[in-house]
Protein chains: 6
Amino acid sequence: MDRIDNRTNDQIRPVTITPSFQEFADGSVLIESGKTRVICSVSVDDKVPPFLKNSGRGWVTAEYSMLPRATLVRTPRDITKGSINGRSQEIQRLIGRSLRSVVDMNALGERTLQIDCDVIQADGGTRTASITGSYVAVYQALYNMVSMGVFNEIPIKDKLAAISVGVLKDEVLCDLCYEEDSTADCDFNVVMQGSGKFVELQGTAEGNPYSREILNKIIDTADKAIRELFEIQQKAIDSFTK
Amino acid sequence: MDRIDNRTNDQIRPVTITPSFQEFADGSVLIESGKTRVICSVSVDDKVPPFLKNSGRGWVTAEYSMLPRATLVRTPRDITKGSINGRSQEIQRLIGRSLRSVVDMNALGERTLQIDCDVIQADGGTRTASITGSYVAVYQALYNMVSMGVFNEIPIKDKLAAISVGVLKDEVLCDLCYEEDSTADCDFNVVMQGSGKFVELQGTAEGNPYSREILNKIIDTADKAIRELFEIQQKAIDSFTK
Amino acid sequence: MDRIDNRTNDQIRPVTITPSFQEFADGSVLIESGKTRVICSVSVDDKVPPFLKNSGRGWVTAEYSMLPRATLVRTPRDITKGSINGRSQEIQRLIGRSLRSVVDMNALGERTLQIDCDVIQADGGTRTASITGSYVAVYQALYNMVSMGVFNEIPIKDKLAAISVGVLKDEVLCDLCYEEDSTADCDFNVVMQGSGKFVELQGTAEGNPYSREILNKIIDTADKAIRELFEIQQKAIDSFTK
Amino acid sequence: MDRIDNRTNDQIRPVTITPSFQEFADGSVLIESGKTRVICSVSVDDKVPPFLKNSGRGWVTAEYSMLPRATLVRTPRDITKGSINGRSQEIQRLIGRSLRSVVDMNALGERTLQIDCDVIQADGGTRTASITGSYVAVYQALYNMVSMGVFNEIPIKDKLAAISVGVLKDEVLCDLCYEEDSTADCDFNVVMQGSGKFVELQGTAEGNPYSREILNKIIDTADKAIRELFEIQQKAIDSFTK
Amino acid sequence: MDRIDNRTNDQIRPVTITPSFQEFADGSVLIESGKTRVICSVSVDDKVPPFLKNSGRGWVTAEYSMLPRATLVRTPRDITKGSINGRSQEIQRLIGRSLRSVVDMNALGERTLQIDCDVIQADGGTRTASITGSYVAVYQALYNMVSMGVFNEIPIKDKLAAISVGVLKDEVLCDLCYEEDSTADCDFNVVMQGSGKFVELQGTAEGNPYSREILNKIIDTADKAIRELFEIQQKAIDSFTK
Amino acid sequence: MDRIDNRTNDQIRPVTITPSFQEFADGSVLIESGKTRVICSVSVDDKVPPFLKNSGRGWVTAEYSMLPRATLVRTPRDITKGSINGRSQEIQRLIGRSLRSVVDMNALGERTLQIDCDVIQADGGTRTASITGSYVAVYQALYNMVSMGVFNEIPIKDKLAAISVGVLKDEVLCDLCYEEDSTADCDFNVVMQGSGKFVELQGTAEGNPYSREILNKIIDTADKAIRELFEIQQKAIDSFTK
């Protein structure tokens, strides 16, 4: 089976990460993965949510939204409909949890990292691009705080990136674009740390359930792809730290 | 390590499914799993969402909510805060997708099954109990339609049940109660069909990422538990079909 | 004229009150009146609304809601429509006022009793069942506080129960079920204390206005019914106090 | 006991009804009762709510709102808080039900009378003034339709007016102003038709319950006051019909 | 070209300003300009918005709303649609800015003047009538504070009034009524101080753009009209200050 | 007086317009004016609002929003606060009116052009940049429709661009950046067509009112700047039409 853009089954799309994209943010990147483009920016706030007051510990939270014309057909804004899109809520909770798993909350102290992921163009994989990009934006925000003398070292415990993997007619395909995604039998999102351990694994098969064997193949594919993303993230980090 | 309620690591809590719980609903059960109690009811509507009009196909959708005093500390109602709780949205989307995977939409025709899962008491595992209970409520609603001559046979393609599995200090524990859940390193929800294939797999490890090995153990545990749930569901179904 | 369920005109439906229904609440009952079923639970909060701060006095407030399939036709949730149902608001204000009339606010001190009435099944008389049930739930919550040594005696000044009475073709009927209610000319809700004095009297006759004579008959009927409810409440209270 | 404004216990405040107050409305009055001032306007719509489609019958509905500075302390607008005030909802439902009891829905045909009651100044008794004023505004709207040849005769079945009566230290006082109302033990609203029959009776005694004897006295007082209001309404009606 | 009501092109409609209209407000007027009628009331609050805390300076803010039947066709309330009308927001921001330009915020001290403009009848020019009326209402509120000894002199720096001017087939027309406004090529709102300097100038020409020459004529017309309004305002002020 | 970035008083910031920025939109540009960056995209819809049905005429409408970190301090999203920012509403109404003045609605036919202006970075002048950019995006969308044979010629009647002009200590400054804007006495937005005629003129002087003389100077400055913008727009248009 040939893929739409002639990639091999386990090949990710070209990824570019441009740091310092929104100049006024504390950390900010534009991540491009094929035609998918997401701005990930970080704001450091000196407050924490009520349940963490006087705990000495910090917090990471995220919001995810799409510009109306990120999509082929215009998507109305949340405010027009009066409530946050259920899918967006699910995604922003995922981004928050993922990033919280690698930030050292004790070292961060009573501060909140507010991540904003705004999708400029959506061609599949926006949630995993958001996580992969947010990691670099968070790194940049914390690196800047080290430069300002707030911390001695960057309070990050491990690397973090994410990829989507799908199943289409029993073939396991890495990093689906929108057209592939819309016909896939099953859609997996995998979030992995530098240690190779998993933070999140979400596999949905509304169309066609998957066997244990396919599950194993999916995870192998994700593992390989995420290791490639770690290298791309590192290059972006090097561009502002060196 | 001993569990709070002396269960073995792979043991589920006692489960009771009471059919016909809300008399006015088309299908309705009360599912009790330990102290967790959820009402799952089904309403059959002769309309489908706009994207399915004139497709000849049906739809299944779900809403999930908790009574304020389902929890140890009172949870304000969504309407008081003005928006659906993000967690509830995530769960109701999961319930909808899961049930859609086993209903034969062509056989259902242009009808919508509206599932309502209302948690009366929450002691962990409410989302998986909702799925396990909703399967029986959907079965009951469709069985009644067969009795009324709407269908010749029940338009369900396979069995469906769900269980949560957690990891606590490297031990894999089945069907966490609230107290176990709140201290777990990782929380997995597994939705499986009668065929043994997976519909949904969601594993979150905000606290502590999990290895490939642990992942395999989690899935083994879930598989065994869900097969037990299939039997409990069958008994409930027998009570109104025989 | 024969009633649907063969009751005499002044006969109430069978009433069951099950205390401790939601285990995590401070006080909780399931009240069943015919097919009508309401969970009434109480949460004690150590705060009072702003207008009572530093007054030394307490407060009682209530919320009332119906599960979507409490009714013959599914009722959409408030959050779906974006605002609390006008009827629900009216009822929850009535429940709050009624219970405030019997709680000794000075003895309660600066605490709020938050009552939640959630209708599981609605077959007429849900607002009066909510009041009758909430009295027992409030009693239970305060009794528990006496047990914990917070009070020396239960800060309740008098008994309280409520009943609906309707008029149908000049006959005065006690405790209407939904089918009777929907055809009645007039619908009365009466809330009475143990002293036989009235706390609330609400009579609506959209269809057919009522004379002074009928009004007197309605009140006689309500008086008799509420005295029966006092006994049923007492039995439920005895079950957890003795 | 002397009343604040030297009225006798059963004396209403001076009432003025100015028809045609909002020129662009189909019917409109300004009703003044002491310092209480309410604009009641009626809009005729050629549609009915869904449940009346193809029934041949009409509908009457009402909205009630207060200008922010109708009150001694500014009341924030509903839109600022994001939801209709519970008290306003209760009142607008009462106004709607009351007016529906006297309009002949069959003669009205498939039309909706939308009543808007906007309180310019609130000094007690705004809900009863709204009902008394709305009757005249509805009369004016329907009278105009007769003039335009839509109806042969005005589709109103009977007169309608309303008054509040309160109890303060065992004295029954008619038509409470705000200061009296805020200290009263009990507050009654009575809506009566020209026949002397009752449409609505709402008595609330949060502070101090009332006996059967007091109830009778309240109704005597209301009856007398409403008969006076019928005359004042008639004079206003005469001013535009003769 | 003759105007609908036979005015000359630069003639304003008859204007009446009735002070003390809402008795409970700190300052209040009813302004009538032709058939346009607006209640402008002022509430003095001893708080300021967060950004002015501890600044020693005050604030002026405004809300603008229309009664549903101010208009020829009933306009639904904002709360029914769930959000403030965009046009209303624009207008209330304009009123707030305009009044802030003449109040001496240092002399006012940490207080907020909350202006409420409620349109009873809308026949064009409601936003300019709101500004012209609010000036008098603010004056009255501050005058009362001088009387109470809060200030030694009224903290107002200059006079303020506003007028609308339109262009219709190259003719510049002053103070458009609704019928003129709805067919105009261009609509200008001018807010001017006693000094003859401008505070706000808003000219919209959706239909037909205007030349520099027409712009000059518009401003000449507005200038003359506003000077007439200053005199009318003064007479209203004299009525409560002398 | 020297300007922050050494511009002369009547000099605009460097402007770049990148067409086809959001690939999936019907027309789309990124406009950069100094550090201000706005994405303007156009969606063509084959429907018109109700008031234009069966009129044969089209419509243009706009939405304006800012990404949270477009600003120095993070701005919460509208959906978080539950209502569209008043300032945004004002701006999107301005953008809509401005563009409607140059599109030939009869030639457009019953279609709606939905413009989305999303501010990526805000350094002053975002509303005027939105108008200037939207003109090119609308041009691109309509040009594409000509290419597809929908129209014979582009249904645009004239050029359109906008600029802000401010007054600071009696000096008239063109195209204020955020820092200049926040200290300016007065802020003018001018929207002009190719004919040199004005579509919108909005001048606000909360701090310090402006004289007739200054007004003239402001308009001279705007006129010159907008003519420069016409040329920049033309170059962008040439890039996709030639």
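Rules and cut-offs
Along each chain, the written sequence defines residue order, and numbers are assigned to residues from 1. The lettering of chains begins at A and the numbering of ligands begins at 1, in the order of writing. Note on the predicted model: pLDDT of at least 70 is required for a residue's local features to be given, and 80 or more for side-chain atom pairs to be given and counted; whole-chain, interface and lining totals, by contrast, use all residues. Processing note: side-chain calculations cover all non-hydrogen atoms of the structure and skip hydrogens and water entirely. Residues are treated as being in contact if the distance between any of their heavy atoms lies within 4.5 Å. For any pair of parts, buried area is found by adding up, for both, the accessible area (1.4 Å probe) each one loses once the two are put together. What counts as a salt bridge is simple: a side-chain nitrogen of Lys or Arg found within 4 Å of a carboxyl oxygen of Asp or Glu. Think of a polar contact as two N or O atoms within 3.5 Å of one another; within protein, one of them needs to be a possible hydrogen donor and the other a possible acceptor, and neighboring residues in sequence only count if both atoms come from side chains. Put simply, DSSP marks the helices as runs of H or I at least four residues long and the strands as runs of E at least two long, and each gets a number from the N terminus on. Residues are grouped as follows: Ala, Val, Leu, Ile, Met, Phe, Trp, Tyr, Cys and Pro are nonpolar; Asp, Glu, Lys and Arg are charged; every other residue, Gly included, is polar. In this scheme, strands are said to pair when DSSP sees at least two bridges between them. Geometry is summarised by axes, namely lines fitted to C-alpha atoms with helices restricted to the contacting stretch, and by angles between N-to-C directions that run from 0 to 180 degrees. When the copies are superposed, the least-squares fit draws on C-alpha atoms of residues that have pLDDT of at least 70 in both. Accessible area is worked out with a 1.4 Å probe on protein chains only. A residue is then buried under 20% of its type maximum, exposed over 50%, and partly exposed in between.

> Looking at this structure, how should I read the interface of chain E and chain F?
How large an interface is tends to be reported as the accessible area lost when its parts come together. In this complex, chain E contributes 31 residues to the contact, which on the side of chain F involves 31 residues. For the pair chain E and chain F, the summed buried area comes to about 2900 Å², and 45% of that belongs to carbon and sulfur atoms. Area buried by chain E at its contact with chain F is led by E:Glu90, E:Glu206 and E:Arg212, which between them contribute 22% of it. Close ionic contact of E:Glu90 with F:Arg93 constitutes a salt bridge, the shortest N to O distance being 2.5 Å. For the pair chain E and chain F, the number of links is 16 residue pairs in polar contact (both at pLDDT 80 or more). Those elements that place two or more of their residues in the side of chain E that touches chain F are helix H2 (86-100), strand E8 (186-193), strand E9 (198-204) and helix H6 (212-241) of chain E. Here the residues of the side of chain E that touches chain F are counted per class, giving 11 nonpolar, 10 polar and 10 charged. Taken together, the 5 bridges between E9(E) and strand E9 (residues 198-204) of chain F define a ladder with antiparallel strand orientation. Bridge pairing in E9(F) places E:Gln202 opposite F:Gln202.

> Is there a simple way to think about the interface of chain F and chain A in this case?
If you look at the interface, chain F gives 36 residues, while chain A gives 36 residues. Of the roughly 3000 Å² buried between chain F and chain A on both sides combined, carbon and sulfur atoms contribute 52%. Summed over the three residues of chain F that lose the most area to chain A, namely F:Phe24, F:Arg69 and F:Ile79, the buried surface amounts to 28% of that side. Applying the counting rule to chain F against chain A returns 14 salt bridges.

> Would you explain the sheet that holds strand E3 (residues 36-45) of chain B in this entry?
Residues and elements named next belong to chain B. Sheet architecture is open: 5 strands sit in the order E1-E2-E3-E5-E4, paired in mixed fashion. Of all strands in the sheet, those bounded by a partner on one side alone are strand E1 (15-19) and strand E4 (59-66). Adjacent strand axes in the sheet meet at a mean angle of 20° when their direction is disregarded. Bridge count for E4 against strand E5 (residues 112-121) is 8 bridges, and the pairing is parallel. By the bridge assignment for E5, Trp59 is matched with Thr112. In the packing of helix H2 (residues 86-100) onto the sheet, the strands contacted are E4 and E5, and the crossing angle to E4 comes to about 145°.

> How should the arrangement of the chains be read in this particular structure?
At their nearest point, the C-alpha atoms of chain B and chain E are still 11 Å apart, with no contact between the two. Nothing in chain C touches chain E; the tightest C-alpha to C-alpha distance between them is still 8 Å.

> Teacher, can you tell me more about the relation of the copies chain F and chain A here?
Two chain copies, one operation linking them: a rotation about an axis together with a shift along it. Its rotation angle being 180°, the transformation that places chain F on chain A also includes 0.0 Å of axial translation and leaves an RMSD of 0.0 Å. Taken together, the turn and the small shift mark the pair as related by a two-fold rotation axis. The C-alpha atom lying nearest the rotation axis in chain F is that of F:Ile79; the distance is 2.5 Å. Interface residue correspondence from chain F to chain A reaches 100%, placing this contact among same-surface, isologous pairings.

> Looking at this structure, I do not really get unusual backbone geometry. What am I missing?
A negative phi holds for most residues other than glycine; trans holds for most peptide bonds. Of note, the phi angle at C:Asp170 is positive, near 70°, even though the residue is not glycine. Position of C:Asp170 relative to the elements: it lies in the loop between strand E6 (160-168) and strand E7 (171-174). Even without a glycine there, the phi angle at F:Lys169 is positive, about 50°. Counting through the fold element by element, F:Lys169 comes out in the loop between strand E6 (160-168) and strand E7 (171-174). Assessed through its relative accessible area of 67%, F:Lys169 is described here as exposed.

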